[in-house]
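Architecture at a glance
Single-letter residue listing:
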Amino acid sequence: MKLLILATLIGLSFAQFNPNTQSGRTAIVHLFEWRWADIAAECERFLGPNGFGGVQISPPSESIVVTNPWHPWWQRYQPIGYNLCSRSGNENELRDMITRCNNVGVYIYVDAVINHMCGAGGGSGTHSSCGSYFNANNKDFPTVPYSNLDFNDGKCNTGSGNIENYQDVNQVRNCRLVGLLDLALEKDYVRGKTSDYMNKLIDMGVAGFRVDACKHMWPGDLSAVYGRLHNLNTKWFPSGSRPFIFQEVIDLGGEPITSSEYTGVGRVTEFKYGAKLGNVIRKWNGEKLSFLKNWGEGWGFMPSDKALVFTDNHDNQRGHGAGGASIVTFWDARIYKMAVAFMLAHPYGFTRVMSSYRWDRNIVNGQDQNDWIGPPSNGDGSTKPVTINADGTCGNGWVCEHRWRQITNMVGFRNVVNGQTFSNWWDNGSNQISFSRGNRGFLVINNDDWELNATLNTGLPGGTYCDIISGQKESGRCTGKQVTVGGDGRASIRISNSEEDPFMAIHADSKL
Ligand code: AAO
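The helix and strand inventory of the protein chain stands at nine helices and 24 strands. For 512 residues, the compact-globule formula gives about 24 Å, and the C-alpha radius of gyration of the protein chain, at 23 Å, lands near that figure. Taken along the three principal axes of its C-alpha coordinates, the protein chain extends 70 × 65 × 45 Å. Here the protein chain holds 512 residues, and the buried ones make up 59% of them. The long-range fraction of contacts in the protein chain, counting pairs at least 24 apart against all pairs at least 6 apart in sequence, stands at 68%. Summed over all atoms, the accessible surface of the protein chain reaches about 18,700 Å², with 48% contributed by carbon and sulfur. Computed over 47 positive and 49 negative side-chain charges, the separation of the two mean positions in the protein chain equals 5 Å.

Here's what the structure looks like:
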């Protein structure tokens with residue numbers, strides 16, 4: 001009996017690390033600022049069929065509407081309540097999306113903003129995504145309701161009331177992050193309201209949460225909120241399933257608050273991953289692909305089973321948050337595809353693919369003056385739908401990195417090699433590398449300024465394979481390059497440095 005209780009406790013405490021994706025689905029995609037109706041359609045027509053495990057959605061809670069600047073994307077990180085209507089759609093559309101995505105095995109992860117409400121300067125009125133009244137001046141948010149009793153200000157010691165020094169743990173957690181009204185999450189009442197919000201979404205069928213701004217909340221408070229969460233909806237998930245929790249904590253070192261304070265209660269975003277991979281792929285500071293041999297914990301990252309990894313996110317692709325100039329994004333498409341392919345081939349962490357929209361960049365002294373620009377929109381600020389072109393790419397300003405053949409196919413690769421060991425590493429001491437995942441998949445990259453010409457151990461059974469980067473296997477033939485693997489698992493590989501995509505990948509399911 002005691003053993004059983006212990007086992008249950010351990011089971012409960014570990015469960016929120018499990019992404020809850022369907023078996024064989026190993027990556028999620030952040031459809032940043034997409035409308036619910038478009039996500040529902042994308043689950044059915046693309047994500048389900050291509051083996052994506054889930055979608056991180058933009059915050060669904062009612063937020064302030066900012067018109068100066070004009071409808072910036074970041075207005076959604078300023079909730080004024082927990083009604084489920086946002087720029088992406090209303091509650092019915094949200095529910096319809098969750099149902100339709102779940103029904104095709106693609107699960108939904110909600111970006112939950114529970115650290116704060118809108119900015120202290122947010123004014124009063126009904127300039128909100130559902131038109132609900134709020135008053136930031138006296139901290140009155142009637143739809144929750146929250147009043148001035150529910151905020152942290154009394155505990156903050158800075159002159160401005162804002163976080164002024166990240167070296168001071170108390171400031172970081174008790175003061176306002178960039179002026180955002182900071183909720184007192186140690187209050188039972190606030191814990192109740194935030195967990196009610198999350199539970200409503202769980203009951204609607206979501207599989208978990210990206211929890212925003214966790215560095216600014218005490219781990220104990222978060223643990224109390226997570227402890228109140230319902231199990232997942234048994235219409236789609238095994239009974240007793242816990243919501244997947246991944247917490248946004250930016251830890252690049254140099255601050256007293258570390259990600260390890262949060263890995264006890266859920267997974268944590270590993271920001272070192274994209275920042276360092278960016279340096280390597282850009283060959284900055286003498287970094288080389290060959291250094292990736294011990295990628296993962298060997299680079300000072302958190303334990304793999306605690307990490308949520310990504311090349312870039314909605315903040316650092318436009319200079320917000322952290323990571324700096326090394327971050328690679330769709331703007332640098334050629335190296336971006338290589339970086340994402342490496343991430344998806346490598347076993348470290350649970351992977352999230354970014355899917356963006358284009359905006360008019362205006363970079364002055366390394367800073368994008370247009371970093372605020374919201375998603376493609378109509379004159380009234382409403383978000384434009386995602387249209388699909390004849391060649392499968394997206395229109396209306398949506399980038400849809402997840403639909404780039406090289407990226408889509410590497411999501412498939414990750415699914416095929418799931419659980420296989422990292423093996424057969426090879427490098428030329430510079431920027432040419434290859435490795436296999438057991439005997440199921442093989443990746444080779446040439447990021448040097450000369451040709452790669454080598455006989456490499458693929459780890460795969462002999463045969464002819466279709467490269468899934470230059471093309472793929474279609475009706476029994478390769479639309480791109482072929483790779484011939486001998487009975488000894490070796491293949492002679494040549495990749496010119498001037499190719500459009502100087503890398504190749506083959507796997508068990510791309511065999512002819
Ligand atoms: C907007 C306006 C503000 C205005 C405010 C209130 O832009 O001017 O004051 O409204 O009216 C997003 C936007 C914000 C926006 C906000 C609300 O990014 O611009 O403010 O919505 O609309 C910190 C947090 C991290 C946060 C990140 C942006 O720790 O949680 O800032 N990310 C999340 C979301 C994000 C969102 C929010 C939180 C708020 O992903 O989209 O904001 O809901 C250091 C710290 C980091 C800190 C960064 C940036 O990083 O370590 O914790 O992130 O600074 O302040 C080196 C260091 C690195 C350091 C970095 C920058 O790289 O190694 O550690 O330098 O100094």
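Resuming the write-up.
Moving on to the confidence of the model for the protein chain. Scored by pLDDT, the protein chain comes out at a mean of 96, with 97% of its residues at no less than 70. Note that pLDDT drops below 50 for residues 1-13; the model gives that stretch one contact with residues more than four away or on any other chain.

Below, the discussion takes up the site of the ligand. Taken together, 24 residues lie near the ligand, and Trp-74, His-216, Glu-248, Glu-255 and Asp-315 sit nearest. A distance of 3.0 Å separates an oxygen atom of the ligand from a polar atom in the side chain of His-116. In this structure, Glu-255 approaches the ligand through a side-chain N or O atom, which is 2.5 Å from an oxygen atom. For the ligand, the protein covers 71% of the area, taking 1,100 Å² as the surface of the free molecule. Taken together, the residues of the shell around the ligand sort by class into 11 nonpolar, seven polar and six charged.

This part covers the environment of Phe-342. Looking at the secondary structure, you find Phe-342 in helix H8 (residues 333-345). Judged by relative accessible area, Phe-342 falls into the buried class, the value being 1%. Along the sequence, Phe-342 and Ile-445 sit 103 residues apart, while their C-alpha atoms lie 8.5 Å from each other. Residues contacting Phe-342, with those up to four places away along its chain left out, are Leu-277, Leu-292, Trp-295, Ile-433, Phe-435, Leu-443 and Ile-445.

This brings us to the packing of helix H7 (residues 271-282) against H8. Following both chains from N to C, one finds H7 and H8 inclined at 125 degrees, their axes separated by 10 Å at the closest point. It follows from the interaxial angle that H7 and H8 lie oblique. Every pair of crossing elements has a handedness; the one defined by H7 and H8 is right-handed. Residue-level contacts link Tyr-273, Leu-277, Ile-281 and Arg-282 of H7 to Ile-335, Met-338, Ala-339, Phe-342 and Met-343 of H8.

Overall, antiparallel pairing links the four strands, which are arranged S15-S16-S17-S24 in an open sheet. In this open sheet, the two edge strands, each paired with only one partner strand, are strand S15 (422-427) and strand S24 (503-507). Taking the axes of each pair of neighbouring strands and ignoring which way they run, one obtains an average angle of 10 degrees across the sheet. With respect to the sheet, H8 is in contact with strand S16 (432-437), strand S17 (441-446) and S24, its orientation differing from that of S17 by roughly 150 degrees. Packing against the sheet, helix H9 (residues 405-416) makes contact with S16, S17 and S24, and its axis sits at approximately 40 degrees to S24.

The subject of this paragraph is helix H5 (residues 188-204). Compared with the 24 Å implied by 1.5 Å per residue over 17 residues, the 24 Å span of H5 between its first and last C-alpha is a close match. Burial in H5 covers these residues: Val-190, Arg-191, Gly-192, Thr-194, Ser-195, Tyr-197, Met-198, Asn-199, Leu-201, Ile-202 and Met-204. Next to the buried residues of H5 lie helix H3 (91-103), strand S3 (107-112), strand S8 (208-211) and helix H6 (219-227). Just beyond H5, the residue with positive phi is Gly-205, at close to 120 degrees.

This brings us to the pattern of salt bridges. Scanning the model with the defined rule gives 25 salt bridges in all. Of the charged contacts, one joins Arg-45 and Glu-42 as a salt bridge, the two residues approaching to 2.8 Å between their closest N and O atoms. A residue pair is termed a helical-turn pair when its members lie 3 or 4 positions apart in one helix, as Arg-45 and Glu-42 do in helix H2 (residues 36-47) at three residues. By relative accessible area, which is 37% here, Arg-45 ends up partly exposed. Its relative accessible area of 0% is what places Glu-42 among the buried residues. Several salt bridges share partner residues, and in doing so they unite Asp-111, Arg-210, Asp-212 and Glu-248 into one network.

So, how was this worked out
Residues numbered from 1 in each chain as written. Predicted model: local features only at pLDDT ≥ 70, side-chain atom pairs only at ≥ 80, totals over all residues. Heavy atoms only, no water. Helix = DSSP H or I, 4+ residues; strand = E, 2+ residues; numbered from the N terminus. Rg over C-alpha atoms; globule rule 2.2 N^0.38 Å. Buried < 20%, exposed > 50% of the residue type's maximum accessible area, 1.4 Å probe, protein only. Contact = heavy atoms within 4.5 Å. Areas by Shrake-Rupley, 256 points an atom, 1.4 Å probe, with all protein chains shown as cover. Lys, Arg positive; Asp, Glu negative; His and termini not counted. Charge placed at Lys NZ, Arg CZ, Asp CG, Glu CD. pLDDT = per-residue confidence, 0-100. Near = heavy atom within 4 Å. Polar contact = N/O pair within 3.5 Å; in protein donor to acceptor, adjacent residues only side chain to side chain. Nonpolar A, V, L, I, M, F, W, Y, C, P; charged D, E, K, R; others polar. Axes fitted to C-alpha atoms, helices over the stretch in contact; angles between N-to-C directions. Parallel < 35°, antiparallel > 145°, perpendicular 65-115°, else oblique. Left-handed = near helix turned anticlockwise from the far one by under 90°. Pairing = 2+ DSSP bridges. Expected span 1.5 Å × (residues − 1). Salt bridge = Lys/Arg side-chain N within 4 Å of Asp/Glu carboxyl O.

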